[in-house]
Amino acid sequence: MAPVPPTDAELNTLITARLAALGIDLDQLPPGTAADPETGTPGRDSVLASLRSFVRGTVATLAAYQVPTPDATDPEGAKALSQQRVPILYPANSTEWRKA
């Protein structure tokens, strides 16, 4: 049985919960799709629509990514290789950050 894609309501719940965990409250945005005329802040519904589109189009692609391995690598070895740390641009900064 193929997986059933989430509904808009389910994605809205996911998005608002993830943002709330980060301290972001979408209820601070103006309701609807129209931007606030004074501040230019986008409407809550248009932000949710944009985030739903992002989740549907990007998250699955990122989740399916696997680190490239040589052709002769056995499948179990490929799983282990995928758990390696990713290279970072400034390792010294990351090292200091992790000490805190």
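What you are looking at is a predicted structure, and each value in this text was computed from that prediction instead of being measured.

Looking at the environment of proline 42
Phase 1: Relative to the helices and strands, proline 42 resides in the loop between helix H1 (8-21) and helix H2 (44-64).
Phase 2: Sequence separation between proline 42 and glycine 32 is ten residues; the distance between their C-alpha atoms is 8.8 Å.
Phase 3: Aside from chain neighbours lying at most four places away, what touches proline 42 is Leu29, Pro30, Ala34, Ala35 and Val47.

So, the packing of H1 against H2
Phase 1: It is at 10 Å that the axes of H1 and H2 come closest, and there the two elements cross at 95°. The orientation of H1 with respect to H2, classified from their angle, is roughly perpendicular. Two secondary-structure elements touch here, H1 through Asp8, Leu11, Asn12, Leu14, Ile15, Thr16 and Leu19 and H2 through Leu48, Leu51, Arg52, Val55 and Arg56.
Phase 2: Of the residues in the contact of H1 with H2, the class split is seven nonpolar, two polar and three charged.

Some thoughts on the confidence of the model for the protein chain
As a general rule, the predicted coordinates of low-pLDDT regions are not to be interpreted in detail.
Phase 1: With 87% of its residues at a pLDDT of 70 or more, the protein chain has an overall mean of 83.
Phase 2: Model confidence for the protein chain, summarised as mean pLDDT per element, is weakest for helix H4 (residues 91-99) at 70 and strongest for H1 at 95.

Remarks on the pattern of salt bridges
Phase 1: All told, the structure shown has three salt bridges when counted by the stated rule.
Phase 2: Here aspartate 8 makes a salt bridge to arginine 56, at a shortest N to O gap of 2.7 Å. Here aspartate 8, found in helix H1, pairs with arginine 56, found in helix H2; they are 48 residues apart in sequence, far enough to count as distant.
Phase 3: The class for aspartate 8 is partly exposed, based on a relative accessible area of 37%.
Phase 4: Accessibility expressed as a relative area gives 43% for arginine 56, which makes it partly exposed.
Phase 5: Here the residues in one salt-bridge network are Asp8, Arg52 and Arg56, joined through shared partners.

What counts as what
- Residues numbered from 1 in each chain as written.
- Predicted model: local features only at pLDDT ≥ 70, side-chain atom pairs only at ≥ 80, totals over all residues.
- Heavy atoms only, no water.
- Helix = DSSP H or I, 4+ residues; strand = E, 2+ residues; numbered from the N terminus.
- Contact = heavy atoms within 4.5 Å.
- Axes fitted to C-alpha atoms, helices over the stretch in contact; angles between N-to-C directions.
- Parallel < 35°, antiparallel > 145°, perpendicular 65-115°, else oblique.
- Nonpolar A, V, L, I, M, F, W, Y, C, P; charged D, E, K, R; others polar.
- pLDDT = per-residue confidence, 0-100.
- Salt bridge = Lys/Arg side-chain N within 4 Å of Asp/Glu carboxyl O.
- Buried < 20%, exposed > 50% of the residue type's maximum accessible area, 1.4 Å probe, protein only.

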